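# Architecture and fold: a report
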Amino acid sequence: MSYSVSPIGFVRSCFKEKFAIPRQPQLAPAARGVLELLPPFDQPEAVEGLEQVSHVWLIFLFHQALEDKPRLKVRPPRLGGNRSLGVFATRATHRPNGIGQSVVKLEKVEPGRLWLSGIDLLDGTPVLDIKPYVPYADAVEGASNAIAEAPPAPIPVQWTDAALAQTREHGRRLGEPVVELIEQCLAQDPRPAYQNPAPERRYGVRLWDLDVHWHYPQPGLIRVLDVGWR
Ligand code: SAM
């Protein structure tokens, strides 16, 4: 038996590649995007009342991680990539039907457009449904998860003077909190857990229309080296 679903819209996001996206929503409040709704959901009626809601659940497709062969076990990066767990014990992207869910902040509601922050979604992510967050039902008192008890401990992020000046300028141009975005994303240390890079090794990622480069001058410390405009 199979069912078909189709997107109600697509996300335009600050994240242009999978690397350095936080592993869950809310970890980078400066991560912003817009959900552009498709007809007929771009009509004002579809979002009437949503302005009374602070957060929404987005049900979406991990469109860049879809696979034909189902996996029963996965290796979550959070566990260092060397321990496998049952797929249903994790929030890994490789999963049956490729469905993801994130609670995100609703910044502004317009017909056909929802302005979001705290997202963990790649640019172009197809969204299947939106549901209002209901605090009394969704925030479960006493809930526990011994696999993912707390967010990753942030690591310090330093800047070269030039990179910070460049980024402030780009932030003004884009009208986006880009310094905060870079700090919040890098503080979660996007590098795979098993890598222990030499100080001269440079890492890079694209955020909005910017190429961000950094290195690890010593273990547990990130320094942003330059932030260039494409
Ligand atoms: N909050 C969601 C959940 O629990 O279903 C996503 C969790 S998943 C561990 C988060 C990762 O998904 C991000 O770090 C990013 O690399 C990846 N991701 C986000 N959007 C994606 C997309 N459209 N296709 C593939 N991977 C995506």
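Below: a short report on this structure. The structure displayed is predicted, hence computed values, not measured ones.

What counts, and at which threshold
Residues numbered from 1 in each chain as written. Predicted model: local features only at pLDDT ≥ 70, side-chain atom pairs only at ≥ 80, totals over all residues. Heavy atoms only, no water. Helix = DSSP H or I, 4+ residues; strand = E, 2+ residues; numbered from the N terminus. Rg over C-alpha atoms; globule rule 2.2 N^0.38 Å. Buried < 20%, exposed > 50% of the residue type's maximum accessible area, 1.4 Å probe, protein only. Contact = heavy atoms within 4.5 Å. Areas by Shrake-Rupley, 256 points an atom, 1.4 Å probe, with all protein chains shown as cover. Lys, Arg positive; Asp, Glu negative; His and termini not counted. Charge placed at Lys NZ, Arg CZ, Asp CG, Glu CD. Arc of directions from axis to C-beta. Near = heavy atom within 4 Å. Polar contact = N/O pair within 3.5 Å; in protein donor to acceptor, adjacent residues only side chain to side chain. Pairing = 2+ DSSP bridges. Axes fitted to C-alpha atoms, helices over the stretch in contact; angles between N-to-C directions. Salt bridge = Lys/Arg side-chain N within 4 Å of Asp/Glu carboxyl O.

## Looking at the overall build of the protein chain
Per the secondary structure count, the protein chain includes 3 helices and 12 strands. For 230 residues, the compact-globule estimate of 2.2 N^0.38 gives 17 Å, and the protein chain sits close to it at 19 Å. Considering only C-alpha atoms, the protein chain reaches an extent of 50 × 45 × 35 Å along its principal axes. The proportion of buried residues among the 230 residues of the protein chain is 39%. Residue pairs in contact within the protein chain that sit at least 24 positions apart in sequence constitute 71% of those at least 6 positions apart. Looking at the protein chain as shown, the accessible area adds up to about 13300 Å², and 53% of this sits on carbon and sulfur atoms. With 26 positive and 26 negative side-chain charges, the protein chain shows a spacing of 8 Å between the two charge centroids.

## Describing helix H3 (residues 178-186)
When H3 is considered as a whole, its buried residues turn out to be Val-178, Val-179, Leu-181, Ile-182, Cys-185 and Leu-186. The buried residues of H3 occupy one face: seen down the axis, they fall within an arc of 165°. Of the surrounding elements, those touching the buried residues of H3 are strand E9 (157-159), helix H2 (161-174), strand E10 (203-207), strand E11 (210-218) and strand E12 (221-229).

## Description of the site of the ligand
The environment of the ligand is formed by 21 residues, the closest being Gln-24, His-63, Arg-91, Asp-120 and Thr-125. Between the ligand and the protein, one listed contact pairs a nitrogen atom with a side-chain N or O atom of His-63 at 2.8 Å. Burial of the ligand by the protein chains amounts to 91% of its free accessible area of 600 Å². Broken down by element, the residue count for the shell around the ligand peaks at 3 residues, all from strand E6 (residues 99-110).

## Observations regarding the sheet that holds strand E8 (residues 126-132)
One closed barrel holds the 6 strands; their spatial order is E1-E2-E7-E6-E3-E8, and the pairing between them is antiparallel. Sheet twist, expressed as the mean angle between neighbouring strand axes with direction ignored, is 45°. The pairing of E6 with strand E7 (residues 113-117) spans 5 bridges and is antiparallel. What sits directly across from Val-109, in E7, is Leu-114.

## Structural notes on the pattern of salt bridges
For the structure shown, the criterion picks out 11 salt bridges. Between Glu-176 and Arg-32 there is a salt bridge, with its nearest N and O atoms 2.9 Å apart. Placement of Glu-176 in the loop between H2 and H3 and of Arg-32 in strand E2 (residues 32-37) is noted, with a sequence separation of 144 residues between them. Between Lys-108 and Glu-110 there is a salt bridge, and its shortest N-O distance comes to 3.4 Å. Given a relative accessible area of 25%, Glu-110 falls into the partly exposed group. Each of the salt bridges in this network shares a partner with another, and the network as a whole consists of Arg-12, Glu-36 and Arg-113.

## Here we look at the pairing of E8
Relative to E8, strand E1 (residues 9-13) runs antiparallel, the two sharing 2 bridges. Across the sheet, the residue bridging to Phe-10 is Pro-126, located in E8. Bridging between strand E3 (residues 55-61) and E8 involves 5 bridges; their strand directions are antiparallel. Of the residues in E8, the one forming a bridge with Phe-60 is Val-127.

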